[in-house]
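The primary structure of each chain is shown beneath.
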Amino acid sequence: METLTGILKSKNLKVTPQRLAIFSILYNTKSHPSAEDIYKSLQDTNPTMSLATVYKTLDCFKKNDLVQEFNVGEDSFRYDINVGSHPHLICTECHKVSDMDSSILDNIREEVSKETDFKLVNEQLYFYGICPNCQ
Ligand SMILES: [Zn+2]
Ligand SMILES: [Zn+2]
């Protein structure tokens, strides 16, 4: 927990048990949970935490570049502690969201800036399909 506390402090955020609990969940998963997912997984350990607190905390993390928020076509947003640009793979059956290595972006970036004369700063790339488990 020492490092998580350190990360929050480095953003000048007050370290509260709620913030630490939510940050720790995001830090220890690659599943790109929604606010509801986080809320549910905290019910055993933090039964007093409200969904509103989870939303408020995620919003605070987002403003401080500790998480990225994105929508994959569901009702709710997903959260990712990996704030660097990286492509995502989304299963349209089980809605699992996985990370892809960002190195495949290198060629795409080059192509796009050559084609458009844009000075690119960021990109979002999603691949939709049916994962091996659901096939
Ligand atoms: Zn699937
Ligand atoms: Zn991701």
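Please read all numbers here as calculations on a predicted model, not as lab measurements. (Residues numbered from 1 in each chain as written. Chains lettered and ligands numbered in written order. Predicted model: local features only at pLDDT ≥ 70, side-chain atom pairs only at ≥ 80, totals over all residues.)

**Structural notes on the domain arrangement of the protein chain**
When its domains are assigned, the protein chain resolves into domain 1 (2–80) and domain 2 (88–134). Its C-alpha centre places domain 1 at a distance of 24 Å from the equivalent point of domain 2. Listed as interface residues are 6 residues of domain 1 and, on the opposing side, 6 residues of domain 2. The residue inventory of the side of domain 1 that touches domain 2, partitioned by class, reads 2 nonpolar, 1 polar and 3 charged. (Domains from an automatic or database assignment. Contact = placed C-beta atoms within 7 Å. Nonpolar A, V, L, I, M, F, W, Y, C, P; charged D, E, K, R; others polar.)

**Points about the pairing of strand β3 (residues 88–91)**
Consecutive residues of a regular strand have side chains that alternate between opposite faces of the sheet. The sheet contact formed by β3 and strand β4 (residues 97–99) spans 3 bridges and is antiparallel. In the strand pairing of β4, Ile90 is matched with Val97. Looking at chain direction, β3 and strand β5 (residues 126–129) are connected through 4 bridges and run parallel. What sits directly across from His88, in β5, is Tyr126. (Pairing = 2+ DSSP bridges. Helix = DSSP H or I, 4+ residues; strand = E, 2+ residues; numbered from the N terminus.)

**Here we look at the packing of helix α2 (residues 17–27) against helix α4 (residues 51–63)**
Axes are the key here: two packed helices are described by the angle between their axes and the distance separating the axes. One can describe the packing of α2 onto α4 by two numbers: an axis separation of 10 Å at closest approach and a directional angle of 75 degrees. Compared by their axis directions, α2 and α4 come out roughly perpendicular. Residues Gln18, Arg19, Ile22 and Phe23 of α2 lie in contact with α4, whose contacting residues are Thr53, Val54, Thr57 and Phe61. Class assignment of the residues belonging to the contact of α2 with α4 gives a composition of 4 nonpolar, 3 polar and 1 charged. (Axes fitted to C-alpha atoms, helices over the stretch in contact; angles between N-to-C directions. Parallel < 35°, antiparallel > 145°, perpendicular 65-115°, else oblique.)

**Some details on the sheet that holds β3**
If you trace the 3 strands from one edge of the open sheet to the other, you get β4-β3-β5, paired in mixed fashion. Either end of the sheet is taken by a strand with one partner, and the two such strands are β4 and β5. Averaged over all neighbouring strand pairs, the angle between strand axes comes to 25 degrees, with direction disregarded.

**Notes on the environment of Ser34**
Tracing the backbone through its elements, the reader meets Ser34 in the loop between α2 and α3 (35–41). Taking the C-alpha atoms as reference points, Ser34 and Asp80, 46 residues apart in sequence, are found 9.3 Å from one another. In contact with Ser34, not counting residues within four places along its chain, are Ser76, Phe77 and Arg78.

**Remarks on α4**
Spanning 13 residues, α4 covers 18 Å between terminal C-alpha atoms, matching the ideal 18 Å at 1.5 Å per step. Taken together, the buried positions of α4 are Val54, Thr57, Leu58 and Phe61. For α4, the angular spread of buried residues about the axis comes to 100 degrees, placing them on one side. Facing away from the buried side of α4 by more than 90 degrees, the exposed set consists of Ala52 and Lys63. Looking one or two residues beyond α4, the residue adopting positive phi is Asp65, at roughly 55 degrees. (Expected span 1.5 Å × (residues − 1). Buried ≥ 20, exposed ≤ 12 C-beta atoms within 10 Å, placed from the backbone. Arc of directions from axis to C-beta.)

**What to know about unusual backbone geometry**
Non-glycine residue Asn12 carries a positive phi angle of around 60 degrees. One non-glycine residue with positive phi stands out, namely Asp65, at about 55 degrees. Tracing the backbone through its elements, the reader meets Asp65 in the loop between α4 and β1 (68–70). Given 9 C-beta atoms within 10 Å, Asp65 falls into the exposed group.

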